Amino acid sequence: MHPTFSVIFLTTLIGVGQGLFLALFTEQSYASVNLLPGQPGAFYVTGSLIALAFLLGGLVAAIGHLGKPSYMVTRAWRGITQWRTSWLSRELILLPLVMFLIFLYLLFHYLGWEANPFGTTGVSGQLTLILGGITTVMVFALFICTAMIYASVRFLQEWACALTVSNYILLGGASGFTLATAYAAWAAPELVGFYAGWAIIITVLGLLSRGLHLIRNARLKGKSTLQSAIGVRHNRIEQKAMGMMGGSYNTREYFHGKSAAFLKSIKWIFLLLLFPLPLLLLWAGMDGNKGMLLLAFIMQYVGLLFERWFFFAQANHPQNLYYQTI
Amino acid sequence: MTQLALVIDLNVCVGCHACVTSCKQWNTSGAAGPLFDDRPYGENPTGTFFNRVQTYEIGQFPNTETLHFPKSCLHCEDPPCVPVCPTGASYKRAEDGIVLVDYDKCIGCKYCSWACPYGAREFDEQQKVMKKCTLCVDRIYDETLPEAERKPACVLACPTSARLFGDVHDSESEVSVAIRENGGYPLMPEWGTKPSNHYLPRRKTRHKIHKDELLRVDNPLKKEDIRHEIRDNVSLDDWLM
Ligand code: SF4
Ligand code: SF4
């Protein structure tokens, strides 16, 4: 497939935002049972603001994927109608919902609403904990929807597997926790070790999942052949004309247009930027080195952009069988 | 239930592209607006078409065969392009099985085109919506046209009658009989999309002739042979004469 930057930015930016929220809420739930030092509301407010900014960035990138930006106003609302069958529709519902919930979470912390509907059980901040719990479920649902948009297209065999889903969750989570580590270096230095530890664990899990996905795809055999595409049983069929000479949507949308060597180099770049380098920097920045941790996040995010580009480029659409020669 | 579809006879298609141009002409002139053409007289002309004719060479010289292969939306019975659409712009009509895009609802997200294994959908770069073959839905029901012309433009244009149009759910229709009797097949059956359009294969008429069929046994000329000499291949007829 031809990687489009709107989708690359959309999926990576909302991944960071979702991951950062998960990181904030993990801290709050740990703190609620006194496993971690509790933080003032401002910690969650600023953190949620950063998460919202990333999600908003994703939303803006999504506009770029519409036919016309004006469709955002005139037609995009229709995107919520087909949630029964379309994962894209489900994502379109969940993205604003998650943003709204994170906004509420931010607001409750900002206003310091400390109602405890379950009474004095020794757990404080029950209201925000409940809200955060609901938001967490929705954040995971959003991860699944985003991934299923790709994993549910059965012809795109490179995508149609459970590893696509685990990649989206783990890589989004890893980038969010790395960002949380950097954020903590500024806002709550005592949390750096906690966040860095989780960021390292999730990044390693992400490497495992993405690595398995790469291995799986390397062995993939296309289900469709030129024989089944045109229905002729002969081992030697050669296309002589595709029906047009100046190219068409079919030759633009489904080919990445780069060489195999280029693809391979992107793979190694993302593998390097996404996993070992941030891991190294996270480990080195455990003592709260702000620059090191920020660099870890930036590197991982750039790696994520390369990863997403590769994810799209690697998928080989069966329609390409019909477009081999001008 | 009705399922309108095309049956394309690859045995007679000569690759003239008449269906491509007639399709473009009809569908660029309708109420839905033009089918975009970019740089039509420039170096790399491109544009939106519902139908393309491709050419393949089968085999190796000297045993080659040329196959002209028209390709348009197959109006799948189980169209994977429809359920993925977030807006409901892509739909399959219950009454006649035609798969359509509502250009007024489409947001141009292109997801449906990813979900079509045949590459049958083309994005219109000017209207910014997805387009595809409509089976000339705006002409096949048009009662102002003479009945014989209520067919897709491509079917009417084909000089070799390689394109048949009809209801593939009616077992006695021309298309069903053609599929049944001439080995009609769907494309990429492995994906379970159940394409309604079918293709008829290239067919060779071969006759097996045995040696004794070349020699007429009761050849009257053989009677003359009797008068001269008796040959060993005398048949019963010779004696009866
Ligand atoms: S050929 Fe493609 S566009 Fe047409 S109905 Fe089938 S899947 Fe959909
Ligand atoms: S491009 Fe249009 S028709 Fe296709 S899935 Fe998107 S909204 Fe639906």
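The structure presented is a predicted model; accordingly, all values stated were derived computationally and were not measured.

**Student:** Help me get a handle on the overall build of chain B, residues and values and all.
**Tutor:** Summing up its helical and strand segments, chain B has eight helices and 11 strands in all. In terms of overall dimensions, chain B is more spread out than a globule: its C-alpha atoms have a radius of gyration of 26 Å, far above the 18 Å expected for 241 residues. Its C-alpha atoms give chain B principal-axis dimensions of about 95 × 45 × 40 Å. In chain B, which comprises 241 residues, the share counted as buried stands at 51%. Put simply, 56% of the contacts in chain B that link residues at least 6 apart link residues at least 24 apart. For chain B, the distance from the average site of its 29 positive side-chain charges to the average site of its 35 negative ones is 3 Å.

**Student:** Now, about the sheet that holds strand S1 (residues 4–9) of chain B: what can you tell me, with residues and values included?
**Tutor:** Residue and element names in this part refer to chain B. Taken together, three strands build an open sheet; the order of strands is S10-S1-S11 and the sheet is mixed. Two strands lie at the open edges of the sheet, namely strand S10 (163–167) and strand S11 (198–200), each paired on one side alone. Strand-to-strand twist across the sheet, computed as the mean angle between neighbouring axes with direction ignored, equals 25 degrees. Looking at chain direction, S1 and S10 are connected through five bridges and run antiparallel. For Val7, the partnering residue across the bridge sits in S10 and is Leu164.

**Student:** Can you tell me about the site of ligand 1, naming the residues and giving the values?
**Tutor:** Inspection of the region around ligand 1 gives 13 residues, with Cys73(B), Leu74(B), Cys76(B), Cys81(B) and Cys116(B) positioned closest. Its residues assigned to classes, the shell around ligand 1 shows 10 nonpolar, one polar and two charged.

**Student:** Any chance you could break down the site of ligand 2 for me, citing the residues and the numbers?
**Tutor:** Around ligand 2, the structure places 13 residues, and the nearest of them are Cys85(B), Cys106(B), Cys109(B), Lys110(B) and Cys112(B). In terms of residue class, the shell around ligand 2 is made up of nine nonpolar, three polar and one charged.

**Student:** Describe in detail the environment of Ala53(A), supporting the description with residues and values.
**Tutor:** Residues and elements named next belong to chain A. Among the structural elements, Ala53 can be located in helix H2 (residues 41–63). Look at Ala53 and you get partly exposed, because its relative accessible area is 48%. Between the alpha carbons of Ala53 and Val165 there is a distance of 24 Å; along the sequence they are 112 residues apart.

**Student:** Account for the state of the cysteines, with residues named and values stated.
**Tutor:** Residue and element names in this part refer to chain B. Within the structure shown, the criterion is met by zero disulfides over all chains. Unpaired in this structure, Cys16 has its nearest cysteine sulfur neighbour in Cys158, at a distance of 6.1 Å. No disulfide involves Cys136; its sulfur sits 6.2 Å from that of Cys154, the nearest cysteine.

**Student:** Please provide a residue-by-residue account of the pairing of S1(B), values included.
**Tutor:** All names here are of chain B. Counting buried residues in S1 gives six out of six residues, a clear majority hidden from the surface. The alternating pattern of S1 places Leu4, Leu6 and Ile8 on one face and Ala5, Val7 and Asp9 on the opposite face, and all of these are buried. Sheet analysis places S1 next to S11, joined by three bridges and oriented parallel. Counterpart to Val7 in the pairing with S11 is His198.

Conventions used here
Residues numbered from 1 in each chain as written. Chains lettered and ligands numbered in written order. Predicted model: local features only at pLDDT ≥ 70, side-chain atom pairs only at ≥ 80, totals over all residues. Heavy atoms only, no water. Helix = DSSP H or I, 4+ residues; strand = E, 2+ residues; numbered from the N terminus. Rg over C-alpha atoms; globule rule 2.2 N^0.38 Å. Buried < 20%, exposed > 50% of the residue type's maximum accessible area, 1.4 Å probe, protein only. Contact = heavy atoms within 4.5 Å. Lys, Arg positive; Asp, Glu negative; His and termini not counted. Charge placed at Lys NZ, Arg CZ, Asp CG, Glu CD. Pairing = 2+ DSSP bridges. Axes fitted to C-alpha atoms, helices over the stretch in contact; angles between N-to-C directions. Near = heavy atom within 4 Å. Nonpolar A, V, L, I, M, F, W, Y, C, P; charged D, E, K, R; others polar. Disulfide = S-S within 2.5 Å.

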